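So you can see what is in the structure, the chains are spelled out below.
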Amino acid sequence: MVVILAKNPATVELSGTLMTEDDYPLEDEAGRYASTDLTIGMSREERPNQFYPLINPATNTEYPPNPDRVWRFEPGEMKRVLETN
């Protein structure tokens with residue numbers, strides 16, 4: 001749910017992509033979801049806190065960050081994402 005407040009609702013313009021269940025082809029006990037890229041097109045200079053090695057908690061395999069991109073999440077959020085699969 002999204003709540004939007006505006007002084008003059010008549011002047012509000014929303015944009016985006018309408019999503020349907022078909023856009024979320026995977027499902028587990030938490031609900032429907034889609035797989036996504038774990039990196040974003042920003043540099044380590046733009047997002048230094050999102051440029052770090054990623055360690056797979058199941059295998060201890062370390063994945064270095066892409067030198068031209070950063071991880072989608074900061075370390076604390078990435079840890080939560082990995083722990084919840």
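Above this text sits the structure in question.
Being a predicted model, the structure only gives us computed values, none of them experimental.

Q: When you look at the overall build of the chain in this model, what are you seeing that I'm missing?
A: A tally of helices and strands in the chain yields one helix and six strands. Start at the N end of the chain and walk to the C end: the helices and strands fall as β-β-β-β-β-β-α. In summary, the chain has a C-alpha radius of gyration of 17 Å against a globular reference of 12 Å for 85 residues, an excess of more than 25%. The principal-axis extent of the C-alpha atoms belonging to the chain is close to 50 × 35 × 20 Å. Across the 85 residues of the chain, 13% fall into the buried class.

Q: Can you walk me through a nonpolar patch on the surface in this structure?
A: A cluster of nonpolar side chains, namely Val2, Ile4, Val12 and Leu14, defines an oily patch on the protein surface of about 420 Å² accessible area. Its place among the elements puts Val2 in the segment before strand 1 (26-28). Taking relative accessible area as the criterion, Val2 reaches 69% and is therefore assigned exposed.

Q: Any chance you could explain the side chain of Thr39 here in plain terms?
A: In this fold, Thr39 is placed in strand 3 (residues 39-40). Given the relative accessible area of 13%, Thr39 is considered buried. Among the polar contacts made by the side chain of Thr39, one reaches the side chain of Arg69 at a distance of 2.7 Å. Every residue in contact with Thr39, bar those within four places of it in the chain, is listed here: Arg69, Val70, Trp71 and Arg72.

Q: It is not clear to me how the pattern of salt bridges should be interpreted in this structure. Could you clarify?
A: Oppositely charged side chains can form a pair if their charged atoms are brought close together. According to the stated counting rule, one finds five salt bridges in the structure shown. Between Glu21 and Arg32 there is a salt bridge, and its shortest N-O distance comes to 4.0 Å. In this pair, Glu21 sits in the segment before strand 1 while Arg32 sits in strand 2 (residues 31-33), placing the two residues eleven residues apart along the sequence. According to the relative accessible area criterion, Glu21 is exposed, its value standing at 55%. Residue class for Arg32 comes out partly exposed when judged on its relative accessible area of 37%. Note that Arg32 and Glu27 form a salt bridge whose closest N and O atoms lie 3.4 Å from each other. Linked by salt bridges that have partners in common, Glu21, Glu27 and Arg32 make up one network.

Quick notes on the rules
Residues numbered from 1 in each chain as written. Predicted model: local features only at pLDDT ≥ 70, side-chain atom pairs only at ≥ 80, totals over all residues. Heavy atoms only, no water. Helix = DSSP H or I, 4+ residues; strand = E, 2+ residues; numbered from the N terminus. Rg over C-alpha atoms; globule rule 2.2 N^0.38 Å. Buried < 20%, exposed > 50% of the residue type's maximum accessible area, 1.4 Å probe, protein only. Patch = residues over 30% accessible without salt bridge, like charges linked within 9 Å, V, L, I, M, F, W, Y side chains within 5 Å. Areas by Shrake-Rupley, 256 points an atom, 1.4 Å probe, with all protein chains shown as cover. Salt bridge = Lys/Arg side-chain N within 4 Å of Asp/Glu carboxyl O. Polar contact = N/O pair within 3.5 Å; in protein donor to acceptor, adjacent residues only side chain to side chain. Contact = heavy atoms within 4.5 Å.

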